[in-house]
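Observations on the model geometry
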Amino acid sequence: MTECIDGVQFRRMVVHAAAAIQLEKQGINELNVFPVPDGDTGTNMSLTIAAAAAELEKKSPAAIGAAAGVSASALLRAARGNSGVILSLLFRGFSKHLKEMETARAADVAAALAEGVSAAYNAVMKPAEGTILTVSRLAARRAAEAAAERDDVEYTLQAAIEEGWLALADTVNQNPVLKKAGVVDAGGKGFLIILQGMLDSLRGLPVPEVEDAGQEKADFASLGGEDITFTYDTVFTVRKTAPCSLEPLRGYLNSIGDSLVIGEDDGAFKVHVHTDTPGAALTEAQKYGQLELAKIENMRTQYENLAAGRKTHSADELDMEPEAAPPKEEAAWKPYGFVAVCAGEGLTAVFRDLGCDRIISGGQTMNPSTQDILGQIQQTPAKTVYVLPNNSNIILAAQQCVGLASGKKVVVLPTKTVPQGVAAMLAVDLDAGEEENTRAMEAALAQVHTSEVTRAARDSGFDGEAIREGDYMVLCEHHLFAAGADLTQLLRRLAQAQPQQDAEFITIFYGENVPQDEAQATLELFQDACPEAEITLLSGGQPVYLYMISAE
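Residues numbered from 1 in each chain as written. Predicted model: local features only at pLDDT ≥ 70, side-chain atom pairs only at ≥ 80, totals over all residues. Heavy atoms only, no water.

This next bit is on the confidence of the model for the protein chain. On average, residues of the protein chain score 83 in pLDDT, and 84% of them reach the 70 mark or higher. Confidence over residues 210-226 falls short of pLDDT 50; this stretch has 47 contacts with residues more than four positions distant or in other chains. Ignoring residues within four places in sequence, the model shows residues 315-326, a span with pLDDT below 50, making 34 contacts including any to other chains. (pLDDT = per-residue confidence, 0-100. Contact = heavy atoms within 4.5 Å.)

This is how it looks when you write it as structure tokens:
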């Protein structure tokens, strides 16, 4: 029995909860089909509450009101995705209700849960039942009843969790998208795991071991791309310059997107919205204060990878290179700097050899955020910094950096593939003017034809074609060229296609899972099929794609 909790206990509860959901985040990702099937709810909720745990570890307030305030502020600024923002609002209830309190009893905890639910419902423009909102609302209602029955925080949390699991089980019947995929709501499950972690902390239990096998998974292939109305999952934080109403902003953002959630405290507000025009959303929000952080991810790409059985990644999971030393003083800056996005040791070495100052590890299924790119731009000691996104889904995020870099001009080249980025870097003339360089790099990348070879991990569909598990897929400029079980036959067909037959130069980058002897055999196949071309074989070390092939 626990009659009351203080700040020290609350800190332990949050830390325990963060560890609990970290263990289960991938299982939650596998359930994530609503509001869009992009497979990142577990990651977003885990990273969001982890920020609160880290902040509480640093400050360790003794009073529960202070601890709740620290956690709410950290959650708001770290909130990622729709589920993360809603989670931050649920915890905002603790901060508002427990403010100035030294300790909290069962009735206080129940009231804090209810206040958080109210804040979450008010923030969501179009609340949908069968979601984390439903689960949290019914759990909070039961908590109030339990607190009246017994003045015991453990008893109250346990009752709320039990009611929450019943509500979660019913979400599959309330939401048509969940019913189609045959799963319960991912955000609701994540919230209950967090509550259970908090309860386990009170009871002195260790963090449970979680088995990945047997995790419930959504049938992503049964869902269609039509379930995604808007393309870009857009999240950003704005520090207020003055007190103001956010209702006009709410109305505007709702007119250009959906899944809108806005959370705020006295000094800042956090926006989550799905939209096709994230740049417009950021521009409008800057009327209300100073933009601090932004993250933009392509949900269609995330869905396509999940449907094909490939692991999808959040921008927040990128394996960024170690932090570099602070850039040189502005007086020592060089005229041009270059930032490129790629994945794989071989490709990283290629871009470094071509003169890139900073490399961001990312690409297909691993799209860096605007903040990630901006950070690397700021570390580049140059007056003009060229950014090579090397992926069509990263271009828009990169373009948001224009005008945000302090004292620098940012030029984003529209490189949609790694080979285009390589061609652009080969065209650089450090003695030429900026406009001349930009024209030359854009002309060079336009001459490159890119083909990519990957493999399907499950039955799915692509460009209207049925793809079977284990099939090799050949993509030309991101469109399906051919698919089948015989890789050699597919590569021969690709080598005999017009872009390769017309090329003077062909470069084959082989991936991290391709043995060198197989790569050599592919080189010889292309040499036989394209005798007039100069062909180079390089180890790219890239994930996802067995081969990236450029023809110029």
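What follows concerns the packing of aromatic side chains. For the coordinates displayed, the defined rule picks out four aromatic pairs. Aromatic pair F338 and Y386: ring centres 5.6 Å apart, planes at 15°, arrangement stacked. With F338 in strand 7 (residues 334-342) and Y386 in strand 9 (residues 382-388), this pair connects stretches of sequence that are 48 residues apart. Through a chain of ring-to-ring contacts, three or more aromatic side chains come together here, namely F10, F91 and F94. Positioned above the aromatic ring of W333, the side-chain terminus of K408 is 3.7 Å from the ring centre. Above the face of the F481 ring, R493 is positioned so that its terminal group lies 5.5 Å from the ring centre. (Phe/Tyr/Trp six-rings, centres within 6.5 Å; stacked < 30°, edge-to-face > 60°. Helix = DSSP H or I, 4+ residues; strand = E, 2+ residues; numbered from the N terminus. Lys NZ or Arg CZ within 6 Å of the ring centre and 35° of its normal.)

This next bit is on the sheet that holds strand 18 (residues 547-551). The strand order 15-14-11-18-16-17 describes an open sheet built from six strands, whose pairing is mixed. Each edge of the open sheet is held by one strand with a lone partner, namely strand 15 (479-484) and strand 17 (534-539). Here the average twist between neighbouring strands, direction ignored, is 15°. The sheet contacts of helix 18 (residues 487-496) involve strand 11 (449-455), strand 14 (472-476), strand 15 and strand 18, and relative to strand 15 the element is tilted by about 145°. (Pairing = 2+ DSSP bridges. Axes fitted to C-alpha atoms, helices over the stretch in contact; angles between N-to-C directions.)

Counting 67 residues, the largest nonpolar core has F10, I49, F91, F94 and I194 as its most contacted members. Of all elements in the fold, only helix 1 (7-29), helix 2 (41-59), helix 3 (64-78), helix 4 (81-98), helix 5 (106-123), helix 6 (132-149), helix 7 (153-174) and helix 9 (186-202) reach the threshold of two or more residues within this core. Among all residues touching F94, those that are not within four sequence positions of it are F10, A68, K99, V109, A112 and L113. Core analysis: the next-biggest nonpolar cluster, separate from the first, contains 35 residues, L249, L253, I262 and A382 among them. (Core = buried A, V, L, I, M, F, W, Y, C linked by side-chain atoms within 4.5 Å. Buried < 20%, exposed > 50% of the residue type's maximum accessible area, 1.4 Å probe, protein only.)

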